[in-house]
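Residues per chain, in single letters:
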Amino acid sequence: MTGRLTGKVALVTGAARGIGRAQAVRFAQEGADIIALDICAPVHTTITPPATRADLDKTSELVESAGRRVIPGVVDVRNLRDVQTFTQDAVTEFGGLDIVCATAGITSRGMLLDMPESDWQTMLDVNLTGVWHTTRAATPHLIARGGGAMVLVSSIAGLRGLVGVSHYVAAKHGVVGLMRALAIELAPYKIRVNTVHPTNVDTPMIQNEHVRGMFRPDLEEPTREDFAVAAKTMNLLDLPWVEPSDIANASLFLASDEARYITSVSLPVDAGSTQR
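Residues numbered from 1 in each chain as written. Predicted model: local features only at pLDDT ≥ 70, side-chain atom pairs only at ≥ 80, totals over all residues. Heavy atoms only, no water.

Per an unreviewed UniProt entry, the chain is named 3-ketoacyl-ACP reductase, and its organism is Mycobacteroides immunogenum. According to UniProt, the comment filed for the chain under the heading Sequence similarities (unreviewed entry) is "Belongs to the short-chain dehydrogenases/reductases (SDR) family." (UniProt positions renumbered as here; feature names shortened; annotations may be inferred.)

Undergrad: When you look at the packing of helix α3 (residues 80-94) against helix α4 (residues 117-145) in this model, what are you seeing that I'm missing?
TA: Each pair of packed helices can be summarised by the angle the axes make with each other and by the distance between the axes. Across the interface, α3 lies against α4 with an axial gap of 9 Å and an inter-helix angle of 35 degrees. In this structure, the crossing between α3 and α4 has a hand that is right-handed. Of the residues in α4, those in contact with Leu80, Val83, Gln84, Thr87, Gln88 and Val91 of α3 are Trp132, His133, Thr134, Arg136, Ala137 and His141. Of the residues in the contact of α3 with α4, the class split is 5 nonpolar, 6 polar and 1 charged. (Axes fitted to C-alpha atoms, helices over the stretch in contact; angles between N-to-C directions. Helix = DSSP H or I, 4+ residues; strand = E, 2+ residues; numbered from the N terminus. Left-handed = near helix turned anticlockwise from the far one by under 90°. Contact = heavy atoms within 4.5 Å. Nonpolar A, V, L, I, M, F, W, Y, C, P; charged D, E, K, R; others polar.)

Undergrad: Sorry, what's going on with the pairing of strand β1 (residues 9-13) here?
TA: Along any regular strand, the residues point their side chains to alternate faces of the sheet. The element β1 is extensively covered by neighbouring structure, given that 5 of its 5 residues are classed as buried. The two faces of β1 match: Val9, Leu11 and Thr13 on one face and Ala10 and Val12 on the other face are all buried. In this sheet, strand β2 (residues 33-38) lies alongside β1 in parallel orientation, the contact comprising 5 bridges. When the bridges of β2 are listed, Leu11 appears paired with Ile35. As defined by bridge partners, β1 adjoins strand β4 (residues 99-102) across 3 bridges and the pair is classed as parallel. When the sheet's bridge partners are listed, Ala10 is paired in β4 with Ile99. (Buried < 20%, exposed > 50% of the residue type's maximum accessible area, 1.4 Å probe, protein only. Pairing = 2+ DSSP bridges.)

Undergrad: Please explain the layout of surface pockets as it appears in this structure.
TA: Any empty space left between atoms is shown by rolling a water-sized probe over those atoms. Of the pockets and cavities examined, the second largest pocket occupies roughly 310 Å³. Taken together, 17 residues line the second largest pocket, and the ones lying closest to its centre are Gly147, Gly148, Lys190, Arg192 and Asp257. Elements with a minimum of two residues in the lining of the second largest pocket: β5 (148-153) and β6 (191-198). Residue classes in the lining of the second largest pocket are distributed as 5 nonpolar, 5 polar and 7 charged. (1 Å grid on protein atoms, 1.4 Å probe; cavity = no way out; pocket = protein on both sides within 12 Å on 5 of 7 lines; lining within 4 Å. Points joined across faces, edges and corners; volume = space filled by probe spheres on them.)

See below:
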């Protein structure tokens, strides 16, 4: 631990597992106390197996093992009032807020002519409006602290088009637009706002039978190894996916004083995927 975030408090959504857990733990290793939010329940339309309260409890254990405090909360980012209330209570207990990682997100699939309206709406409600709710709830506390940093998790789908996920692409592009607007709006308060853009990340969001089947429709029951063969074709570097820790490290840089003059930047962590 080098103490790059000593004395800081970070709010992380989607913290029960995957990228959100990696951010919470990595930030704690660098000295931050953590407010960890997750819905810990299924979301209608998503194809990803849901996180659970046990997953969130495991994140809390890992943060505490790093020697930091954590306040976990089962909160749905689609509900602004709940996000505001929990954030207010946690910030009151910790004494302030410095960093926000808006990471909670879902995935589903469907071509335009086959997609139910509910799939479209739920995607935007979680992956875009949920990010806005998070920033809306956190901003007053960052202002009160005299500044801070926001890291909004987008995707390579926020920088390019992908087939069969128009709702996901639209939401993730929307996150970039939100970031750019907030970077201008919040600069007078010394709040920096940036996005990170992962390629496929080795988390339950992709490591499930539904996503494997999308990548390998030629196989009845594709294995992890079968999936990897197809996933490699998305990236320039010879690997199928990156690790949650890779996104956490990029987020740590953007949240730290090492990036004190970096704002309104879209940072790909994509193994070259956006350049193919």
